[in-house]
Amino acid sequence: QVHLVESGGGLAQAGGSLRLSCVASGTIFSINGMGWYRQPPGKQRELVAGFTSGRSTNYADSVKGRFTISRDSAKNTVYLQMNSLKPEDTAVYYCYAQIRSGRYDNAITYWGEGTQVTVSS
């Protein structure tokens, strides 16, 4: 079994910063991809930023230049540094990870429970 635990959400003012963390634990052979989605109120979940299996990164256009994703592979942890926050960044942020639990297993996508980020104007 695999668990993802997020931390670092909260309330920030517009222009401020927050840093999210996500730790994966459990039976982990390898992590193919890891990153963050968000779901604003009344909207669909959308990709914010993520690492691919090739270690390249993807960002939503709306966060490029403001958010930075990083990882500590030794700790199975991914971070999201969010700067220059805007009210439209308000959402529940979900960590995901594509994890193989064994050498011959297919990767399964796991999700965290989400952490609320609220940006006031």
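Quick note: structure is the one above.
This report concerns the structure included in the present document. (Residues numbered from 1 in each chain as written. Predicted model: local features only at pLDDT ≥ 70, side-chain atom pairs only at ≥ 80, totals over all residues. Heavy atoms only, no water.)

### Some thoughts on the packing of aromatic side chains
A complete count under the given rule lists three aromatic pairs for this structure. Taking 5.4 Å as the distance between ring centres and 75° as the angle between the ring planes, the aromatic pair formed by Tyr37 and Tyr96 counts as edge-to-face. Taken together, the positions of Tyr37 in strand β4 (residues 30-39) and Tyr96 in strand β9 (residues 91-100) put the pair 59 residues apart, joining distant regions of the chain. On the basis of relative accessible area, Tyr37 is assigned to the partly exposed category, the value being 24%. A residue is classified by how much of its surface remains accessible, and Tyr96, at 9% relative accessible area, is buried. On the basis of an interplanar angle of 70° and a centroid distance of 5.3 Å, the ring pair of Tyr37 and Trp111 is categorised as edge-to-face. Note that Tyr37 is positioned in strand β4 and Trp111 in strand β10 (residues 108-111), a separation of 74 residues in sequence. Given a relative accessible area of 38%, Trp111 falls into the partly exposed group. (Phe/Tyr/Trp six-rings, centres within 6.5 Å; stacked < 30°, edge-to-face > 60°. Helix = DSSP H or I, 4+ residues; strand = E, 2+ residues; numbered from the N terminus. Buried < 20%, exposed > 50% of the residue type's maximum accessible area, 1.4 Å probe, protein only.)

### A word on the pairing of β4
Among the 10 residues that make up β4, seven are buried, leaving the element largely enclosed by the rest of the structure. Pairing of β4 with β9, which is carried by nine bridges, proceeds in the antiparallel orientation. Within β9, the position partnered with Arg38 by the bridge is Tyr93. One ladder, built from five bridges, connects β4 with strand β5 (residues 46-51); its direction is antiparallel. In the strand pairing of β5, Trp36 is matched with Ala49. (Pairing = 2+ DSSP bridges.)

### Describing the state of the cysteines
Taken as a whole and assessed by the stated rule, the structure comprises one disulfide. Two residues, Cys22 and Cys95, share a disulfide whose sulfurs are 2.0 Å apart. Judged by the torsion about the S-S bond (-80°), the Cys22/Cys95 disulfide is left-handed. Taken together, the residues span a long stretch of sequence, with Cys22 in strand β3 (residues 18-26) and Cys95 in strand β9 at a distance of 73 residues. Given a relative accessible area of 0%, Cys95 falls into the buried group. (Disulfide = S-S within 2.5 Å.)

### Side note on the environment of Phe29
Here Phe29 is to be found in the loop between β3 and β4. For the pair Phe29 and Ile99, spaced 70 residues apart in the sequence, the C-alpha separation amounts to 7.4 Å. Look past the residues within four positions of Phe29 in its chain and what remains in contact with it is Arg100, Ser101, Gly102 and Arg103. (Contact = heavy atoms within 4.5 Å.)

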